[in-house]
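# Working through the structure, step by step
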Amino acid sequence: MDTKQKILSTASKLFYEQGYNSTGINQVIKEAAVAKASFYQHFPSKEDLLLAYLVTTQENTDKEMRAQIAKCKTPREQVLALFDFLSKLARQTSFKGCNFLNIAAELPNDQGKVRSIIRKQKNGIRNLFAEILKPAGKEDLADEIYLLFDAALVSGKVYADVWPVKTARKIVEKLI
């Protein structure tokens, strides 16, 4: 793993586990076992590191979600597969909710670049639901399903349990 990837991987783990504001540059440098100069060569600021984290996480999340739906044939199966995927994540002891919503909760509203990436990721999920549902003529349900998906993420974190995801899935079954 190259230095940039080592820094990004370490920061990703720390941002998710302990939060962006609670993670310092020196901790990332120490845990990644890189020189301070190497860190700043790749990431001139902590915000640059955060932006790279969000973009990388967005790409990985999109790939994982698309891999889940690729296993299914019908729009109904595809939508439910995304809730099953979320259920699997919520069962993990390391589950701390949505990377993007966690960052959004930590930062003030004037963080334009960061908020833009978060909105892009969230719109990507909304659009994915619309894309899945279009062949069935039910793309008008995409926003409702998206809201249930995000609510399940938040409630799963709050309750540290999978029941919110299971409940949201049951509602989606009735909708579609």
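Data block above holds the structure.
Residues numbered from 1 in each chain as written. Predicted model: local features only at pLDDT ≥ 70, side-chain atom pairs only at ≥ 80, totals over all residues. Heavy atoms only, no water.

## Describing the overall build of the protein
For the protein, the count of helices and strands is 9 helices and 0 strands. In sequence order, the secondary structure elements of the protein are arranged as α-α-α-α-α-α-α-α-α. When its C-alpha atoms are laid out on the principal axes, the protein stretches across 55 × 35 × 30 Å. For the protein, the proportion of its 176 residues judged to be buried stands at 43%. Here the analysis covers contacts within the protein between residues at least 6 apart in sequence; of these, 67% occur between residues at least 24 apart. Approximately 9,600 Å² of the protein is accessible, and the part contributed by carbon and sulfur atoms is 52%. Side chains of the protein carry 27 positive and 20 negative charges; the gap between the two charge centres is 3 Å. (Helix = DSSP H or I, 4+ residues; strand = E, 2+ residues; numbered from the N terminus. Buried < 20%, exposed > 50% of the residue type's maximum accessible area, 1.4 Å probe, protein only. Contact = heavy atoms within 4.5 Å. Areas by Shrake-Rupley, 256 points an atom, 1.4 Å probe, with all protein chains shown as cover. Lys, Arg positive; Asp, Glu negative; His and termini not counted. Charge placed at Lys NZ, Arg CZ, Asp CG, Glu CD.)

## Some remarks on unusual backbone geometry
Of note, Ala33 is a non-glycine position whose phi angle comes to about 55 degrees, a positive value. Tracing the backbone shows Ala33 in the loop between helix H2 (25-32) and helix H3 (36-42). A positive phi angle, close to 50 degrees, is found at Ala160, a residue other than glycine. Looking at the element boundaries, Ala160 is found in the loop between helix H8 (142-159) and helix H9 (163-175).

## Description of the packing of aromatic side chains
Enumeration according to the criterion identifies 8 aromatic pairs in this entry. On the numbers, 5.2 Å between centres and 70 degrees between planes, the contact of Phe15 with Tyr20 is edge-to-face. On the accessibility criterion, Tyr20 (8% relative accessible area) is buried. Ring geometry for Phe83 against Phe149: centres 5.3 Å apart, planes inclined by 85 degrees, an arrangement best described as edge-to-face. One end of the pair, Phe83, is in helix H5 (residues 75-91); the other, Phe149, is in helix H8, and 66 residues separate them in sequence. With a relative accessible area of 0%, Phe83 lands in the buried category. (Phe/Tyr/Trp six-rings, centres within 6.5 Å; stacked < 30°, edge-to-face > 60°.)

## Quick word on a nonpolar patch on the surface
There is a patch of nonpolar side chains on the surface, built from Val154, Val158, Tyr159 and Trp163 and spanning about 430 Å² of accessible area. The element that contributes the greatest number of residues to the nonpolar patch is H8, accounting for 3 residues. Along the chain, the position of Tyr159 falls in helix H8. (Patch = residues over 30% accessible without salt bridge, like charges linked within 9 Å, V, L, I, M, F, W, Y side chains within 5 Å. Salt bridge = Lys/Arg side-chain N within 4 Å of Asp/Glu carboxyl O.)

## A look at the side chain of Thr10
Inspection of the secondary structure puts Thr10 in helix H1 (residues 3-18). Overall, the relative accessible area of 14% leaves Thr10 in the buried class. Side-chain polar atoms of Thr10 contact the backbone oxygen of Lys6, separated by 2.9 Å. With near-sequence residues (within four places) excluded, Thr10 lies in contact with Val28, Glu31 and Ala32. (Polar contact = N/O pair within 3.5 Å; in protein donor to acceptor, adjacent residues only side chain to side chain.)

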